[in-house]
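Listed here are the chains, written in short residue letters.
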Amino acid sequence: MLRRPPVRYRRPLQALATVRGVIVLQAVANGAGALLVFLYLQYLFPVRTPEQSQRLGLNLTVFGAYLLVTLFVAFPLNRYFLSRAVAWVRDGREPTDKERLATLTQPLQQTASAFLGWVGAAVIFGILNEDATRVSLGIVLAGLVTCALLYLLLERHFRPVFALALQDANLPRPHREILPRIMMAWLLGSAVPIVALGLAPLGVPVEQRGELSVRIGVLVVASVVAGGLIMRAAARGVADPIEAVRRAMARVEEGDLDVEVLVDHAGEIGRLQAGFNDMVEGLRERRRLHDLYGRQVGVDVARAALDQEPQLGGEERSVTALFVDLDDFTSFSETHEPAEVVEELNAFFSVVVEVVMAEGGFVNKFEGDAALCIFGAPVTQPDHAARALRVAAALPAAVAELPGRPGVGIGASTGTVVAGNVGTPERFEYTVIGDAVNVAARLTELAKQRGCPVLADEDTVIAAGEAGGHWRRVGSTQLRGRSRPTGLFEPSAPG
């Protein structure tokens, strides 16, 4: 599967824009909140007595002082901590785990800071005014609305920086996000205004409240409770199926592809559920193809082909080629049914694959009753010659344990080959081509002619050293197609 390259942002500019944007959003949101307080107190709790009117000047003076403290103390402190949190963006480097966490929690931190300012204002202006309840409640309600709106705006504003923080990183521990977000929107748009309406009688003298206060109170409580239950049910209708998809994705990340999400919606959520199931089915098919392809060409070749676009051609590699061929199998094929021949070949190849893979070798291809095995490609193995010689020495005894005790001819040769894809863009295979492969095939035929199961050339024995086991020289010969004699070695008993 091809991966889309990650999105890259201009980091220094993004960091500067983020800091400035947060300051602007805080100023706008808090300014709107202050206006809301004014409207709330002016129209729902209007000034009714001369004493309250006299306090208006004091309130304005304290408000101005509080505003100055906010502008010249609170805002600079928020800017300082925010700049520290996104310093890695400005520096153009990857964040540490601590910096990533600080960045991802900035909307919450900035909102909490703003709400503390509103709580402080509620306390101060509640002390300044005789009717502390109406003033403090008005400020707190406005603070709730302001901070809920500020949090939603900040989360959206921070998304480009979040994308940088989460790039090539594991996501934090999963938590519910949709349900709290929808409930916050309900709190901002419905609950707080209803509560504010219900508190309106607090501005009316006690003797004038009467039955109206009770009725409004009952209506407010019923509206908030019913609205909250309905909104929560609606939010869960969205959040629960998405949470089910998230849990299923977690199982896929752990390698479990036997997972399926129940498609129980007909709209956008249903498309998400069905899309997830289609994706998992594609992954299951890819795994089956990977397994099948790996069985045909080898796991390492299959992995390389799936991870990158395959290209024709190859690279020079130092390898050891090993041919193993059943002896006198033509006679066996002549006297047995085709199904019996295939069964015998499968049993033989099973032994070859098991022994070769135990030494990290690669069974490149099956050719009739023979197999070409490669050591040193596609995975580089500095000790490929030793591995091949150990396999060559072990194979005759392993094959002899099969029914009928078949004989084999084995040839091993070390040299430089070209390893890669050969064929056409429409149809190709991974293989190795070079003199070592030809020599190994010739030695296999010579081994069967001489009646000894295994022959290796001198280059292989020298390259393997003592790690290849015990081998003795049995002469040399002029192999067909070669200009110089080839030294011949066969396994010998220790000592």
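Above this text is the structure in question.
Residues numbered from 1 in each chain as written. Predicted model: local features only at pLDDT ≥ 70, side-chain atom pairs only at ≥ 80, totals over all residues. Heavy atoms only, no water.

Digging into the environment of Leu-443
Argument step 1. As for its position among the elements, Leu-443 is in helix α15 (residues 435-450).
Argument step 2. What makes Leu-443 buried here is its relative accessible area of 0%.
Argument step 3. For Leu-443 and Ala-412, which are 31 residues apart along the polypeptide, the C-alpha to C-alpha distance reads 7.2 Å.
Argument step 4. Excluding residues that lie within four positions of it along the chain, Leu-443 makes contacts with Ile-410, Gly-411, Ala-412, Leu-455, Ala-456, Asp-457, Leu-479 and Leu-488. (Helix = DSSP H or I, 4+ residues; strand = E, 2+ residues; numbered from the N terminus. Buried < 20%, exposed > 50% of the residue type's maximum accessible area, 1.4 Å probe, protein only. Contact = heavy atoms within 4.5 Å.)

Quick look at the environment of Glu-445
Argument step 1. With respect to the helices, strands and loops of the structure, Glu-445 is situated in helix α15.
Argument step 2. For Glu-445, a relative accessible area of 38% translates into the label partly exposed.

Quick look at the packing of helix α4 (residues 97-104) against helix α5 (residues 106-128)
Helix-helix packing is characterised by the crossing angle of the two axes and by the distance between the axes.
Argument step 1. Between α4 and α5, whose axes approach to 4 Å, the crossing angle comes to 55°. Relative to α5, the element α4 lies oblique. Between α4 and α5, the residues in contact are Ala-102, Thr-103 and Leu-104 and Gln-106, Pro-107 and Gln-109, respectively.
Argument step 2. Per-class residue counts for the contact of α4 with α5 are 3 nonpolar, 3 polar and no charged. (Axes fitted to C-alpha atoms, helices over the stretch in contact; angles between N-to-C directions. Parallel < 35°, antiparallel > 145°, perpendicular 65-115°, else oblique. Nonpolar A, V, L, I, M, F, W, Y, C, P; charged D, E, K, R; others polar.)

As for the packing of helix α13 (residues 338-358) against helix α14 (residues 384-400)
Argument step 1. At their nearest, the axes of α13 and α14 sit 10 Å apart, and the two run at 145° to each other. Judged by the twist between their axes, the crossing of α13 over α14 is right-handed. For the pair α13 and α14, the contacting residues are Phe-348, Val-351, Val-352, Val-355 and Val-356 in the first and Val-391, Ala-394, Leu-395, Ala-398 and Val-399 in the second.
Argument step 2. Tallied by class, the residues present in the contact of α13 with α14 amount to 10 nonpolar, no polar and no charged. (Left-handed = near helix turned anticlockwise from the far one by under 90°.)

Brief notes about a nonpolar patch on the surface
Argument step 1. A cluster of nonpolar side chains, contributed by Phe-63, Leu-67, Leu-68, Val-69, Leu-71, Phe-72, Val-73, Leu-77, Tyr-80 and Phe-81, occupies part of the molecular surface with about 970 Å² of accessible area.
Argument step 2. Judged by relative accessible area, Leu-67 falls into the partly exposed class, the value being 39%. (Patch = residues over 30% accessible without salt bridge, like charges linked within 9 Å, V, L, I, M, F, W, Y side chains within 5 Å. Areas by Shrake-Rupley, 256 points an atom, 1.4 Å probe, with all protein chains shown as cover. Salt bridge = Lys/Arg side-chain N within 4 Å of Asp/Glu carboxyl O.)

As for the pairing of strand β8 (residues 486-491)
Argument step 1. The buried fraction of β8 amounts to 5 of the 6 residues, a majority that puts the element mostly inside the structure.
Argument step 2. In this sheet, β8 lies alongside strand β6 (residues 454-457) in antiparallel orientation, the contact comprising 2 bridges. Bridged to Asp-457 within β8 is Leu-488.
Argument step 3. Two strands pair when backbone bridges link them, and strand β7 (residues 471-477) and β8 are joined in this way by 6 bridges, in the antiparallel orientation. Each bridged residue has a counterpart across the sheet, and for Ser-476 the counterpart in β8 is Gly-487. (Pairing = 2+ DSSP bridges.)

Thoughts on unusual backbone geometry
With glycine set apart, most residues show a phi of negative sign, and most peptide bonds adopt trans.
Argument step 1. Each neighbour pair has its own omega, and for Ala-377 with Pro-378 the value is 0°, a cis peptide bond.
Argument step 2. If you trace the backbone, Pro-378 turns up in the loop between β3 (370-375) and α14.

What about the nonpolar core?
Argument step 1. The biggest cluster of nonpolar side chains holds 34 residues, and the ones touching the most others in it are Leu-322, Val-324, Phe-348 and Leu-395.
Argument step 2. Put simply, the parts of the chain that give this core at least two residues each are β1 (313-326), α13, β3, α14, β4 (408-423), β6 and α16 (458-464).
Argument step 3. Once you skip the residues sitting within four places of it in the chain, Leu-322 turns out to touch Ala-371, Leu-372, Cys-373, Phe-375, Ala-388, Val-391, Ala-392, Leu-395, Ile-410, Gly-411 and Ala-412.
Argument step 4. In terms of nonpolar packing, the next biggest core, distinct from the first, is built from 24 residues, Ala-29, Ala-122, Leu-154 and Leu-164 among them. (Core = buried A, V, L, I, M, F, W, Y, C linked by side-chain atoms within 4.5 Å.)

Observations regarding the pairing of strand β5 (residues 428-433)
Argument step 1. Direction of pairing for β4 relative to β5: antiparallel, over a ladder of 6 bridges. Bridging across to β5, Val-422 finds its partner in Glu-429.
Argument step 2. Connecting β4 to the antiparallel partner β5 that follows it, the hairpin turn spans 4 residues.

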